[in-house]
Amino acid sequence: METFDVAVIGGGMMGAPCARYLAEGGHSVALIAAPEPVDAARWDGPFGSHFDAARITRRVASDADWSRLSCRSIARYRDLEARSGRSIFRETGALMAGPQEGPMAGFTDRFRAVAKALDDAPEILDTEAVRARFGLALPPDSLASHEAWQGGWIDPRAMRDAQQALAAKAGARLYPQAATTRDGRVVTLADGTQVSAGHVVVATGPHVAIDGLLPRVPKMQVWARTIAFARISEAEGARLAEMPPIIWVAEGWDHDLYLLPPVRYPDGQLYLKIGGQVDSPLIGSAKDMRDWFRGNGDARVAARLMAELRTLMPDLAIEAESRGPCAVVWTETGLPYIDAAGDGVSVLCGGNGAAAKCGDELGRLGALTATGAGIACEGYAADFRAVWT
């Protein structure tokens with residue numbers, strides 16, 4: 001049995017950078033990262049929503065701590081690209097919009113306050129300015145922050161690969177398997193291999209509350225969400241090449257939606273992706289997770305999302321529509337959980353639909369927690385402590 005200073009279980013948006021920071025800090029590290037499923041219908045291992053081609057990145061958020069997490073991560077993207085040789089970040093700018101009146105006006109007030117406090121603060125645009133500049137038809141009373149730089153989208157697979165490769169370069173040992181059990185500081189893998197560590201970090205995303213790797217269960221919900229895709233032509237993709245991603249509140253909705261610009265997926269086609277549903281079923285077991293990811297989402301939800309896409313982009317020429325499954329972890333605090341879970345084990349989870357863009361900073365904070373350094377002096381208002389059931 002090999003022994004390490006730290007074993008990180010989970011090689012996604014938080015776990016991989018956590019392992020990298022630990023390895024670059026001189027610690028011996030085991031990174032236990034289940035591979036991406038080749039065929040979801042036949043896959044029994046862990047699923048992850050970061051197995052995708054694009055995630056929105058931006059500095060503006062409706063909470064100052066989420067903004068700070070993002071700003072610190074975005075500032076490191078180019079260094080990660082340069083050191084890993086992987087293309088991660090497409091800088092197209094970003095829009096965040098909401099109404100000035102009604103139940104969601106507070107959402108708009110919050111992100112505008114965060115935007116105003118940023119260095120090189122984004123400009124605020126009204127509905128007509130957004131339509132004239134980007135061709136997007138927001139509801140009439142909307143206001144939008146426009147980040148002309150440092151916003152855009154990242155390739156989460158490329159981010160994962162870069163973080164894992166740099167962790168390995170710094171000396172981390174990669175185990176491309178799922179962890180099945182943890183007994184104290186000994187982790188057993190799917191093939192029976194056992195790894196011993198002075199400390200174990202559990203960063204298994206939506207599986208954290210159901211995989212039995214923690215001594216107690218964090219209080220959180222895992223939502224089974226549907227995402228919808230609009231396939232477009234090469235010509236339409238060229239027309240929209242500089243389109244920024246947008247987060248906005250559609251008319252009649254009580255939460256925000258998101259839209260990615262044209263992104264080329266592994267099948268070679270260009271797609272716009274839309275999502276943001278909240279009235280979705282809960283995932284409460286490993287079986288629920290498998291059943292959800294082996295399907296292709298909810299047709300009714302996808303149809304409603306596509307209707308909003310057509311409202312926002314009435315001139316969009318769509319060649320085909322499709323849909324897929326996604327899972328979102330929502331914590332009791334609305335913030336990540338970065339906390340000790342017991343003797344020699346800590347938790348690093350809780351993306352709340354916003355983790356991909358700030359995973360590098362979350363991983364750094366997770367590494368500090370794992371080594372006992374703590375994060376109290378890191379400049380955040382929250383302490384990111386977990387709430388336990």
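In case you missed it, the structure is sitting above this.
This report concerns the structure included in the present document. (Residues numbered from 1 in each chain as written. Predicted model: local features only at pLDDT ≥ 70, side-chain atom pairs only at ≥ 80, totals over all residues. Heavy atoms only, no water.)

### Quick notes on the sheet that holds strand β13 (residues 220-232)
Put simply, the test is: When DSSP finds two or more bridges between two strands, those strands count as paired. Starting at the N terminus, helices and strands are each numbered in turn, a helix being any DSSP run of H or I of at least four residues and a strand any DSSP run of E of at least two. To obtain each axis, a line is fitted to C-alpha atoms, and for helices this fit is confined to the stretch in contact; angles are then taken between N-to-C directions over 0 to 180 degrees. Whether two residues are in contact is decided by their heavy atoms, any of which lying within 4.5 Å being enough.
Across the sheet, 8 strands lie side by side as β6-β7-β5-β14-β15-β16-β13-β17; this open sheet has mixed pairing. If you trace the sheet from one side to the other, it starts and ends with β6 (123-126) and β17 (320-331), each paired once. Pairwise comparison of adjacent strand axes, ignoring direction, gives a mean angle of 20° for this sheet. Where β13 meets β17, 12 bridges bridge the pair, whose relative direction is antiparallel. Residue pairing across strands places isoleucine 227 opposite glycine 324, the latter belonging to β17. Set on the sheet, helix α5 (residues 127-134) makes contact with β5 (94-99), β6 and β7 (142-147); between it and β6 the angle comes to about 95°.

### Re the sheet that holds strand β8 (residues 152-154)
Whenever strands of a sheet pair, they do so through backbone hydrogen bonds, lying parallel or antiparallel. One open sheet holds the 3 strands; their spatial order is β3-β8-β4, and the pairing between them is antiparallel. Sheet topology places β3 (55-57) and β4 (89-90) at the edges, where each strand pairs with a single neighbour. Strand direction decides the pairing type here: β3 and β8, joined by 3 bridges, are antiparallel. Within β8, the position partnered with isoleucine 56 by the bridge is tryptophan 153.

### Side note on helix α8 (residues 286-293)
What counts is decided by this rule: Relative accessibility thresholds used throughout: buried, under 20% of the residue-type maximum; exposed, over 50%; partly exposed, between the two (1.4 Å probe, protein chains only). Summarising the geometry, the arc corresponds to the directions from the helix axis toward the C-beta atoms.
Residues of α8 that are buried: Met289, Trp292 and Phe293. Looking straight down α8, one finds that the buried residues subtend no more than 85° of arc, so they occupy a single side. Residues of α8 that are buried in the fold lie against β13 and β17.

### Some remarks on unusual backbone geometry
Here asparagine 352, not a glycine, exhibits a phi torsion of approximately 50°, which is positive. Checked against the element boundaries, asparagine 352 lands in the loop between β19 (345-349) and α10 (359-370). For phenylalanine 384, which is not glycine, the phi dihedral falls at a positive 60°. With respect to the secondary-structure elements, phenylalanine 384 resides in the segment after α10.

### Notes on the packing of helix α1 (residues 15-24) against helix α6 (residues 156-169)
Helices that pack against each other are described as a pair by the angle of their axes relative to one another and the distance between those axes. Operational definition: Any angle between 65 and 115 degrees counts as roughly perpendicular, while under 35 counts as roughly parallel, over 145 as roughly antiparallel, and the rest as oblique. In this scheme, a crossing is called left-handed if the near helix is turned counterclockwise away from the far one by less than a right angle; it is called right-handed if the turn is clockwise. Here the nonpolar group is Ala, Val, Leu, Ile, Met, Phe, Trp, Tyr, Cys and Pro; Asp, Glu, Lys and Arg are the charged ones; every other residue, Gly included, is treated as polar.
For the pair α1 and α6, the least separation of the axes is 8 Å and the interaxial angle reads 25°. Between α1 and α6, the angle is such that the two are roughly parallel. Our pair here, α1 against α6, has a crossing hand that is left-handed. When α1 is examined against α6, the residues Ala16, Pro17, Ala19, Arg20, Ala23 and Glu24 are found in contact with a partner set consisting of Arg160, Gln163, Gln164, Leu166 and Ala167. Looking at the contact of α1 with α6 residue by residue, the classes come out as 6 nonpolar, 2 polar and 3 charged.

### Regarding the packing of aromatic side chains
What counts, and what does not: Stacked, tilted and edge-to-face are the three classes applied to pairs of Phe, Tyr and Trp rings, where Trp contributes its six-membered ring and a pair requires centres within 6.5 Å; stacked means planes under 30 degrees apart, edge-to-face means over 60, and tilted covers the rest. Charge-over-ring placement is defined geometrically: NZ (Lys) or CZ (Arg) within 6 Å of the ring centre, and within 35 degrees of the ring normal.
Under the definition given, this model contains 8 aromatic pairs. Where phenylalanine 229 meets tyrosine 271, the ring centres are 6.0 Å apart and the plane angle is 80°; that geometry is what we call edge-to-face. A residue pair is termed long-range when its members are at least 10 positions apart, and phenylalanine 229 in strand β13 and tyrosine 271 in strand β16 (residues 270-275) qualify at 42 residues. Take phenylalanine 229: its relative accessible area is 10%, and that puts it in the buried class. Stacked on the ring of tyrosine 21, the Lys or Arg arginine 20 has its end atom at 4.2 Å from the ring centre. The ring of tyrosine 380 has arginine 68 lying over it, and the distance from NZ or CZ to the ring centre is 5.9 Å.

### Quick notes on the packing of helix α2 (residues 64-74) against α10
With their axes 7 Å apart at the nearest point, α2 and α10 run at an angle of 100° to one another. Viewed along their axes, α2 and α10 adopt a mutual orientation that is roughly perpendicular. Across from Leu69, Arg72 and Ser73 in α2, the residues of α10 making contact are Gly359, Asp360, Glu361, Leu362, Arg364 and Leu365. Here the residues of the contact of α2 with α10 are counted per class, giving 3 nonpolar, 2 polar and 4 charged.

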